[in-house]
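Each chain, written out:
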There are 2 protein chains.
Amino acid sequence: VRNIALIGLPGTGKSSVGRRLAEILGWPFLDTDELIESRYEASIHDLFRSRGESAFRDIEATLLAKLTRSGRGVLATGGGVVVRESNLARLRQWGWVIALVARPEVLAQRLGSADHLPLVASDNPASSLARLWAERAPKYLSADLVLETSTLDVDDIVRRILGFLAEREELEISVSTASTKYPVRIGVGNLGLIGYHTLFTGCTGLAALVTTPSLDRRFGDSVRESLRAAGLKPTTFLLPSGELAKAWSTVGRLYGRLLQEGVDPSCAVLAFGPEELGDAAGFVAATYMRGIPLLRLPTGLLAQLDSCIGGKVALNHPRAKNLIGTLHHPRLVLVDVSLASYPGLRALRAGLAEAVKYAVIADPTLLEFLEASLNALLQADPTALRELIARCLAIKARIVSADEHGEGPRLALNYGHTFAHALETATAYRRFPHGEAVAIGMTLEARLGCVLGITDPQVLERQTDLLRRIGLPTHFSGVAPAKLLDALLQDKKRRNGRLRFALPTRPGSFQLLDDVPPRVLQQLLNPDSPPPAP
Amino acid sequence: VRNIALIGLPGTGKSSVGRRLAEILGWPFLDTDELIESRYEASIHDLFRSRGESAFRDIEATLLAKLTRSGRGVLATGGGVVVRESNLARLRQWGWVIALVARPEVLAQRLGSADHLPLVASDNPASSLARLWAERAPKYLSADLVLETSTLDVDDIVRRILGFLAEREELEISVSTASTKYPVRIGVGNLGLIGYHTLFTGCTGLAALVTTPSLDRRFGDSVRESLRAAGLKPTTFLLPSGELAKAWSTVGRLYGRLLQEGVDPSCAVLAFGPEELGDAAGFVAATYMRGIPLLRLPTGLLAQLDSCIGGKVALNHPRAKNLIGTLHHPRLVLVDVSLASYPGLRALRAGLAEAVKYAVIADPTLLEFLEASLNALLQADPTALRELIARCLAIKARIVSADEHGEGPRLALNYGHTFAHALETATAYRRFPHGEAVAIGMTLEARLGCVLGITDPQVLERQTDLLRRIGLPTHFSGVAPAKLLDALLQDKKRRNGRLRFALPTRPGSFQLLDDVPPRVLQQLLNPDSPPPAP
């Protein structure tokens, strides 16, 4: 998110609004007048008197140049900062320029005895302010956002600014299903706007924040602050990290805690965390009191560009992952791109593996984008990530809208996952992080496609190149091929005897294929055994 | 269900079809020729020879008169039974008359050497059979159902007969919701047709019968037999009786067992039992593998006339009943009226209390029906019960269709239940069976309506009279009124501060009322304290 600079006449509330806004967003608060006063150990009034306005404006301009080079946060500026056009140009480049304005007589009343203000006559502040307004109004009114504050209090103003940020800072895509429609807002640092968004989805009262202990430690306070700022009452519920969040016993306790805290269908569940947490909290939202509103705040690139939409929620059973589940669409998905690589590089890699899948099966231009932007993506560049997430989600939204329950085109999303799943099962989910399993799975399936003459060998080549650049493996070791084949055939048995592959043809296209002969699979997994007959 | 008499020429398969049909329906199988042979210790052929056809027909007619007075089951008759019109008249009164017919040459081929048949010439059976057919065809063709069996095997014929029974024997009502539409079939003894119905809802393969141990002991075999007869493979899963079925831990194990047995979304869950079992099995069907088809086979009048439709399914949490739930509409509801009073009179009474509710709030003619038919209903008269169930379900279906999620008109279904729930809570669900709590609750709420001038006192009077005739209490004792008031106010707190009553006005109409002053409630519960100011 860009920085925020507040401009306006004295008395418009720049400092109090700036301070509150910074608090909610978790950003530093900067105030040019305060910084100058502390640097020069003198009040602005005294500096004006001792050095004259022009010298003061030089000091102010120098500070501003420095702040806009290296500073970050919410900045409250002195009222006269707009007098120099160069100052304004710097601020515009640095962030959003927001002007707070009010009628001079309102300002005069707010300021009371105005003897500390250099350009305001203490005997008639209203007329001084009216004169300043007449001079500067064109500058103030050129701001990105102008708020008339005469009848607003600090909280009102802050809420309007948050709303403005939400609109300007985020890419929005829309997911439509047979039964509902909801927005996905993708931004940088927009987690701080969650309160505002929650309010806008129609939830009132309690906001049930469900998250992991580490996310809570790191971001819980700012999320709660944002919810409070929107007039909501946050209550926090912690689920363990990883698959344990989805255990029947874990979730059983959560229902009781929600009831104890008074959560009811007028409230919302905010599922803040990676895919497992989204699954568990989503399942609870689907079934607590026969369903309460859900907002998803996915963390980690995989959840952000893939699992946060589609509505699938599920719990694990000791005998099978995701055995217990349903569909429950969120009211809103809020993706904060700055959490794409949380808690680390592995999260980013797993998401990128999934992005390669989307590119290979559905979008040749996405494949080109990945090839061109991979370095930026691996460095978690927010702009590149935002585009990537929006593009992947748009592909998934299109497929899911066409096929909510997953019998048709949605099967294409399984590309790489048949082998990945077998690999994970054969190693009891211990050896391969999901991203690695998917990378190996896609490589095997693309090779299968090549062997069968379905897949353009160029697809395999470009895919392998991308996966290697991401730092993902393209072949497996340490698992007996026979064990992998067993897991595959087990899977087949569970699916009514059908083992269906979605295999790429040329970049961006796929074909569904049933009944691959086991000897072809065996040959694929044992490159040393003799090749199958054509 | 009415009895079944099979008529037809020799070789049409009356005995084998009848035997199989009786097996599936769990009915006795009767065979006139067999009974005569064993009574006279001689073959039919010999009796014909020794006594002549006319004397044989007398024996046959006497047996038939006796059987149709006191017998019960599937009856295979001798081919010539139709010769006497009085026999046919008796059979028609006794049950469905089903004729199996086939071309004479097919019959001749089936019979092979026909020397045991009295009226069939062994040297040219086809021509004898053609002659018999010409004589008797008008009689056979006057049956309730005529099946041309030349190209059908026994199982085909049985399946068609079951289909015929299903259509003739059941009242069907249809429940429509925003998302789906399903039939409710209400019959007597139609549990034996469940296999046929399950097949018709599109389920193939495994049928997961979920039931209680006592229902399984009593009816499990015949249900499984019916499923097998339809070509399905039944597997049985037992849940404990009562609320324990709805415990998180109980249900957690069920998912694992379903997986172990290979149940998948091509199968169906058959929830066979009272309301708690329907809730638990329904919840599992809603969430196992993200939802698999559900058929409800409610037992006990309460489940049959009320909870089996609407789609609400739920589990209990130690802190609250039904806390964990969702909506999952069944594909079919099959109500076997002969299970309305299972396991005993208490089940019947609880259902009748609910029926009084429907009458009072929604249908003045149902109130009259209850008053007129209560004796028959209390004796579990199937015809009266069938009408009652169909009428109550039709009312609920109408209300539910209009208001799937229960915010509007569905609230009328709460009549009597606000107080009933408080009474159950205040006594930890131990003291009052649900029917009694509802009876007391309706009395209190009708009295409240009278006090407030909303309810016609005649409604209270007729309601009280009905409840007493059912054998239900109309006032409570052994609970401190203060405790009951507490439970009410607790409930109010949980509902966002709203305590909403649906109160009858005149018979068949109601009015929603918020914010009854606590002192009015207090006075209602403490008839000895001074009356509230008007």
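Further up the page is the structure itself.
The text that follows walks through the structure, step by step, so that each part is easy to find. Because the structure is predicted, anything quoted here is derived from the model rather than measured. (Residues numbered from 1 in each chain as written. Chains lettered and ligands numbered in written order. Predicted model: local features only at pLDDT ≥ 70, side-chain atom pairs only at ≥ 80, totals over all residues. Heavy atoms only, no water.)

## Description of the sheet that holds strand 7 (residues 181-187) of chain A
Residue and element names in this part refer to chain A.
Here's step 1: Taken in spatial order, the seven strands line up as 6-7-14-11-10-8-9 in an open sheet, and their pairing is mixed. Unpaired on one side and paired on the other, strand 6 (171-176) and strand 9 (233-238) mark the two borders of the sheet. Between one strand axis and the next, the sheet turns through 20° on average, direction left out of account.
Here's step 2: Two elements, strand 8 (residues 206-211) and strand 9, share six bridges in a ladder whose sense is parallel. Note on strand 9: the bridge partner recorded for Ala207 is Pro234.
Here's step 3: Each of strand 8, strand 9 and strand 10 (268-273) is contacted by helix 10 (residues 213-229), which is oriented at about 165° to strand 9, the strand it contacts most.
Here's step 4: Running at roughly 165° to strand 10, helix 12 (residues 275-287) makes contact with strand 8, strand 10 and strand 11 (294-298) of the sheet. (Pairing = 2+ DSSP bridges. Helix = DSSP H or I, 4+ residues; strand = E, 2+ residues; numbered from the N terminus. Axes fitted to C-alpha atoms, helices over the stretch in contact; angles between N-to-C directions. Contact = heavy atoms within 4.5 Å.)

## Details of the state of the cysteines
Residues and elements named next belong to chain A.
Here's step 1: Tallied over the entire structure, the rule returns zero disulfides over all chains.
Here's step 2: For the unlinked cysteine Cys203, the closest cysteine sulfur is that of Cys267, found at 8.2 Å.
Here's step 3: Overall, the relative accessible area of 3% leaves Cys267 in the buried class. (Disulfide = S-S within 2.5 Å. Buried < 20%, exposed > 50% of the residue type's maximum accessible area, 1.4 Å probe, protein only.)

## Points about the packing of helix 18 (residues 434-451) of chain B against helix 21 (residues 518-525) of chain B
All names here are of chain B.
Here's step 1: Here helix 18 crosses helix 21 at 120°, and the two axes come no closer than 10 Å. The angle between helix 18 and helix 21 falls in the class oblique. Every pair of crossing elements has a handedness; the one defined by helix 18 and helix 21 is right-handed. Residue-level contacts link Leu444, Arg447, Leu448 and Val451 of helix 18 to Val520, Leu521, Leu524 and Leu525 of helix 21.
Here's step 2: Grouping the constituent residues of the contact of helix 18 with helix 21 by class yields seven nonpolar, no polar and one charged. (Parallel < 35°, antiparallel > 145°, perpendicular 65-115°, else oblique. Left-handed = near helix turned anticlockwise from the far one by under 90°. Nonpolar A, V, L, I, M, F, W, Y, C, P; charged D, E, K, R; others polar.)

## Describing the interface of chain B and chain A
Here's step 1: Taken together, the 29 residues of chain B in the interface contact 30 residues of chain A.
Here's step 2: Of the roughly 2,400 Å² buried between chain B and chain A on both sides combined, carbon and sulfur atoms contribute 61%.
Here's step 3: It is Trp248, Arg290 and Leu323 of chain B in chain B that bury the most area against chain A; as a group they hold 31% of the surface buried on that side.
Here's step 4: Counting across the interface, chain B meets chain A through zero salt bridges.
Here's step 5: Applying the counting rule to chain B against chain A returns nine residue pairs in polar contact (both at pLDDT 80 or more).
Here's step 6: Mapped onto the side of chain B that touches chain A, the elements with two or more residues apiece are helix 11 (248-260), helix 12 (275-287), strand 12 (312-317) and strand 13 (320-327) of chain B. (Buried area = accessible area lost by both parts, 1.4 Å probe. Salt bridge = Lys/Arg side-chain N within 4 Å of Asp/Glu carboxyl O. Polar contact = N/O pair within 3.5 Å; in protein donor to acceptor, adjacent residues only side chain to side chain.)

## Details of the environment of Pro213 of chain B
Here's step 1: As for its placement among the helices and strands, Pro213 of chain B is situated in helix 10 (residues 213-229).
Here's step 2: On a C-alpha basis, the gap between Pro213 of chain B and Tyr342 of chain B in space is 14 Å, while along the polypeptide they are 129 residues apart.

## Here's the deal with helix 3 (residues 44-51) of chain B
Residues and elements named next belong to chain B.
Here's step 1: Residues of helix 3 that are buried: Ile44, Leu47 and Phe48. Take helix 3 and look down its axis: the buried residues cluster within an arc of 100°, on one side only. More than 90 degrees from the buried face of helix 3, the exposed residues found are Arg49 and Ser50.
Here's step 2: Looking at the packing, one finds that the buried side of helix 3 touches helix 2 (32-40) and helix 4 (53-70).
Here's step 3: Within two residues after helix 3, Gly52 carries a phi angle of roughly 90°, on the positive side. (Arc of directions from axis to C-beta.)

## A few points about the side chain of Ser128 of chain B
Here's step 1: Of note, Ser128 of chain B is situated in helix 7 (residues 125-140).
Here's step 2: The exposure class of Ser128 of chain B is buried, given its relative accessible area of 5%.

## Structural notes on the relation of the copies chain B and chain A
Here's step 1: Between the two copies, chain B and chain A, the superposition gives an RMSD of 0.2 Å; the rotation angle is 180° and the shift along the axis is 0.1 Å. Taken together, the turn and the small shift mark the pair as related by a two-fold rotation axis.
Here's step 2: When the interface residues of chain B are mapped onto chain A, 100% of them again fall at the interface, so both copies present the same face. (Least-squares fit on C-alpha atoms with pLDDT ≥ 70 in both.)

## Quick notes on unusual backbone geometry
Here's step 1: The residue after Tyr342 of chain A, namely Pro343 of chain A, is reached through a cis peptide bond having omega 0°.
Here's step 2: Unlike most non-glycine residues, Glu41 of chain B shows phi in positive territory, near 45°.
Here's step 3: Positionally, Glu41 of chain B belongs in the loop between helix 2 and helix 3.
Here's step 4: Under the relative-accessibility criterion, Glu41 of chain B is labelled exposed at 74%.
Here's step 5: Although it is not a glycine, Asn322 of chain B sits at a positive phi angle of roughly 60°.

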